[in-house]
Amino acid sequence: MPFEYNEHSVRVGAGRLKMAVEEYRKRVEAGLKWCPGAKHWTPRDDFNRNWGNRDGLQPVCRACAQQQRLKNRADNRQRFMRESADAVRGGAA
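What comes next concerns the included structure.

Cut-off values and rules
Residues numbered from 1 in each chain as written. Predicted model: local features only at pLDDT ≥ 70, side-chain atom pairs only at ≥ 80, totals over all residues. Heavy atoms only, no water. Phe/Tyr/Trp six-rings, centres within 6.5 Å; stacked < 30°, edge-to-face > 60°. Helix = DSSP H or I, 4+ residues; strand = E, 2+ residues; numbered from the N terminus. Buried < 20%, exposed > 50% of the residue type's maximum accessible area, 1.4 Å probe, protein only. Lys NZ or Arg CZ within 6 Å of the ring centre and 35° of its normal. Polar contact = N/O pair within 3.5 Å; in protein donor to acceptor, adjacent residues only side chain to side chain. Contact = heavy atoms within 4.5 Å.

Quick look at the packing of aromatic side chains now. Pairs of aromatic rings are described using the distance from one ring centre to the other and the angle between the two planes. Counted by the stated rule, this structure contains two aromatic pairs. Aromatic side chains Y24 and W41 sit 5.5 Å apart centroid to centroid with 65° between the ring planes, which places their arrangement in the edge-to-face category. Linking Y24 in helix α2 (residues 21-29) with W41 in strand β2 (residues 40-43), this pair joins segments that are 17 residues apart in sequence. The same class applies to Y24 as to W41, namely buried. Taking the centre distance of 5.8 Å and the plane angle of 70° together, the rings of W34 and W41 count as edge-to-face. Three or more aromatic residues link up through ring pairs in this structure, and these residues are Y24, W34 and W41. The side chain of K33 reaches across the aromatic face of F47, ending 5.0 Å from its centre.

Written out as structure tokens, the structure is:
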């Protein structure tokens, strides 16, 4: 684990999740990390690396990141189709 959780980090994390410091510490020591996308604790192995973050991991788990990518892809496709149709109608008028 590239990042050691110090007492301040544990207190801040526990406060953010509105849980007891001891409970938060137990979960972190068990190798779990909170995923804000799924709103549950996930094993640290389920997060992609990101050396720019203090703990060296992405903020959301792989499953949530995949869901977000698929949603963005669908949204972008719909927007592209709408803009393409508008351009064709605008060019023909």
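To continue, consider the environment of Q66. Looking at where Q66 falls in the secondary structure, it is placed in helix α3 (residues 62-92). In terms of polar contacts, Q66 uses its side chain to reach the side chain of R69, at 2.8 Å.

Here T42 lies in strand β2. Since its relative accessible area comes to 4%, T42 is described here as buried. A distance of 3.3 Å separates a polar atom in the side chain of T42 from a polar atom in the side chain of H40. With near-sequence residues (within four places) excluded, T42 lies in contact with G31, L32, K33, C35, F47 and C61.

Bringing the environment of E4 into the picture now. Locating E4 in the fold gives a position in the segment before α1 (7-16). E4 gets classed as exposed once you look at its relative accessible area, which sits at 58%. Sequence separation between E4 and A87 is 83 residues, and the spatial gap between their C-alpha atoms is 54 Å.

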